[in-house]
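Here is what each chain is made of, one letter per residue.
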Amino acid sequence: MTAAGRHDKPFVISKQLVWEAYEKVKANKGAPGVDGQSLAAFESDLKGNLFKIWNRMSSGTYFPPPVKAVVIPKRQGGTRMLGVPTVADRIAQTVVALTLEPRTESIFVDDSFGYRPKRSALQAVERCRQRCFRRDWVLDLDVAQFFDSVPHDLMVKAVEANTDQPWVLLYVKRWLVAPLQLPDGTLQPRDRGTPQGSAVSPVLANLFMHYAFDLFLAREFPDVQFERYADDAVVHCVTERQAERVRDALGERLAGLGLQLHPDKTRIVYCQDDKRRGAYEHTSFTFLGFTFTQRTVLGRSGAMFNGFLPAVSAAAVKEMGRRIRRWRIHRHNAQDLAGLAAWVNPIVAGWMTYYGRFYRSKLYPLLRRINTYLMRWARQKYRRLRAFKACHAWWRGLLDREPTLFRHWAWIREVDVTQG
């Protein structure tokens, strides 16, 4: 595609920008939307399909199709509704997101980490870990059903304040009201919220929370610190009283914007360790899949002590365990070990990179379970290994011959004999 479009269109949108948006969508992959068109099918006429998006967006005639609603389980229980736009709509949304990004990046605060270039959830967890050493109290926030409840008029107002491109505002308005197509095929109109899963929702959520949360705290409570990842936030306070004041003020603030703090999931937590003792109602919280609580660690002097530290949450371990069970590794008798490794390694490496960043020993039982399934696979595939002793001898020989075959063997090679 050429870099510039024609000049007889109401809106000047670069063809190069549409191409960049397509490349981002391709990198992120994703499922088909309501039209059933996969990314591969879209690419069968790539030039023509991208031209259609550019042409309609430039002329003001692009209208988004309904968003496919997909229900997925939450780690903490219950379900969440995700919105899956079509491939073409994801590209169009990404065009707008890329257009807004330079402006939003220039105003967003340093403690906002969600869905931003060169920022990650692990960076947010690391900053939270450091601040928990220095401040005794944490306000663990949960905005109830943020993506389903955020008011459209205030979202549009936030976008309007940060763009001089009328087409950006036009399409944001259209995306906000695009209906959801429920699993039974019915269309659900939307008068609030922005579906999780759409390409433009992250920047819209960040913009809204920038004004509703970040700037409010900076103005009203300049001495507190926080980390925010989209609608998930932790506020560090010096005293319990300060945490209560911040909680109450934020509750009033969000209520005035059509949102509310979840009454059961918003908690004040004491960061208890060897130096901070006492009896308190809440002494742990979970942030971005990591549970912060008192944990035993080895100090530099060689002595053990209790620190307030993050590790993979029980809910995350449970969900990964479910996924391992669904693999049914021991049933894949047609596969060889190299094939199993090629299938399992990318997924497990991702878990190790993320959840193994802090207090990685909490991952070891999960990784050990994979080894157990691999041994069960061998015992069912090879008659000579049916005996437990013979299989263990084979396992030890395999580890000696191919110590790097499975990614998690760098950490754990043992088998959970209680599940063998």
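Residues numbered from 1 in each chain as written. Predicted model: local features only at pLDDT ≥ 70, side-chain atom pairs only at ≥ 80, totals over all residues. Heavy atoms only, no water.

1. Here's the deal with the side chain of Gln93
Phase 1 of the analysis: Residue placement: Gln93 occurs in helix 4 (residues 87–107).
Phase 2 of the analysis: Look at Gln93 and you get buried, because its relative accessible area is 2%.
Phase 3 of the analysis: Apart from the residues within four sequence positions on either side, Gln93 is in contact with Pro85, Trp175, Ser198, Ala199 and Val200. (Helix = DSSP H or I, 4+ residues; strand = E, 2+ residues; numbered from the N terminus. Buried < 20%, exposed > 50% of the residue type's maximum accessible area, 1.4 Å probe, protein only. Contact = heavy atoms within 4.5 Å.)

2. Comments concerning the pattern of salt bridges
Phase 1 of the analysis: Scanning the model with the defined rule gives 17 salt bridges in all.
Phase 2 of the analysis: The salt bridge partner of Asp111 is Arg131, with a shortest N-O separation of 3.1 Å. One end of the pair, Asp111, is in the loop between helix 4 and helix 5 (121–134); the other, Arg131, is in helix 5, with 20 residues separating them in the sequence. Across the pair, Arg131 and Asp111 agree in class, each one buried.
Phase 3 of the analysis: Among the salt bridges present, the one from Glu319 reaches Arg322, with a minimum N-O distance of 3.1 Å. With Glu319 and Arg322 both in helix 11 (residues 314–327), this residue pair falls three residues apart, about one helical turn.
Phase 4 of the analysis: Overall, the relative accessible area of 24% leaves Glu319 in the partly exposed class.
Phase 5 of the analysis: Owing to a relative accessible area of 31%, Arg322 belongs among the partly exposed residues under this scheme. (Salt bridge = Lys/Arg side-chain N within 4 Å of Asp/Glu carboxyl O.)

3. Section: the sheet that holds strand 6 (residues 225–229)
Phase 1 of the analysis: Sheet architecture is open: four strands sit in the order 6-7-3-8, paired in antiparallel fashion. Both edges of this open sheet fall to strand 6 and strand 8 (267–270), since each of them pairs with a single strand only. Mean inter-strand twist for the sheet, computed between neighbouring axes without regard to direction, equals 20 degrees.
Phase 2 of the analysis: Relative to strand 7 (residues 232–237), strand 6 runs antiparallel, the two being bridged by five bridges. (Pairing = 2+ DSSP bridges. Axes fitted to C-alpha atoms, helices over the stretch in contact; angles between N-to-C directions.)

4. Structural notes on the nonpolar core
Phase 1 of the analysis: Within the largest apolar cluster, 70 residues are counted, with the highest numbers of intra-cluster contacts made by Met57, Ile91, Val96 and Val235.
Phase 2 of the analysis: The greatest single-element share of this core, amounting to ten residues, is contributed by helix 9 (residues 201–220).
Phase 3 of the analysis: Not counting residues up to four positions away in its chain, the partners in contact with Ile91 are Val18, Ala21, Tyr22, Val25, Phe42, Leu50 and Ile53.
Phase 4 of the analysis: The next biggest cluster of nonpolar side chains, apart from the first, holds 55 residues, and it includes Val269, Val348, Trp351 and Tyr355. (Core = buried A, V, L, I, M, F, W, Y, C linked by side-chain atoms within 4.5 Å.)

5. Considering the packing of helix 4 against helix 8 (residues 166–177)
Phase 1 of the analysis: Close contact between helix 4 and helix 8 brings their axes to 10 Å; oriented N to C, the two are set at 135 degrees. In terms of their interaxial angle, helix 4 and helix 8 are classed as oblique. Between helix 4 and helix 8 the crossing geometry is left-handed. Of the residues in helix 8, those in contact with Asp89, Ala92, Gln93, Val95, Val96, Thr99 and Leu100 of helix 4 are Trp167, Val168, Tyr171, Val172 and Trp175.
Phase 2 of the analysis: Its residues assigned to classes, the contact of helix 4 with helix 8 comprises nine nonpolar, two polar and one charged. (Parallel < 35°, antiparallel > 145°, perpendicular 65-115°, else oblique. Left-handed = near helix turned anticlockwise from the far one by under 90°. Nonpolar A, V, L, I, M, F, W, Y, C, P; charged D, E, K, R; others polar.)

6. Structural notes on the packing of aromatic side chains
Phase 1 of the analysis: Within this structure, the stated rule accounts for 26 aromatic pairs.
Phase 2 of the analysis: Where Trp19 meets Tyr22, the ring centres are 5.1 Å apart and the plane angle is 50 degrees; that geometry is what we call tilted. A residue pair is termed a helical-turn pair when its members lie 3 or 4 positions apart in one helix, as Trp19 and Tyr22 do in helix 1 (residues 15–28) at three residues.
Phase 3 of the analysis: Centroid distance Phe146 to Phe147: 5.2 Å. Interplanar angle 90 degrees. Geometry classified as edge-to-face. Neither Phe146 nor Phe147 differs from the other in exposure class; each is buried.
Phase 4 of the analysis: Linked through ring pairs, Phe290, Tyr354, Tyr355 and Phe358 together constitute an aromatic cluster.
Phase 5 of the analysis: Taking the ring centre of Phe113 as reference, the NZ or CZ of Arg119 above it sits at 5.4 Å.
Phase 6 of the analysis: The cationic tip of Arg384 hangs over the ring face of Tyr382; the distance from NZ or CZ to the ring centre is 5.6 Å. (Phe/Tyr/Trp six-rings, centres within 6.5 Å; stacked < 30°, edge-to-face > 60°. Lys NZ or Arg CZ within 6 Å of the ring centre and 35° of its normal.)

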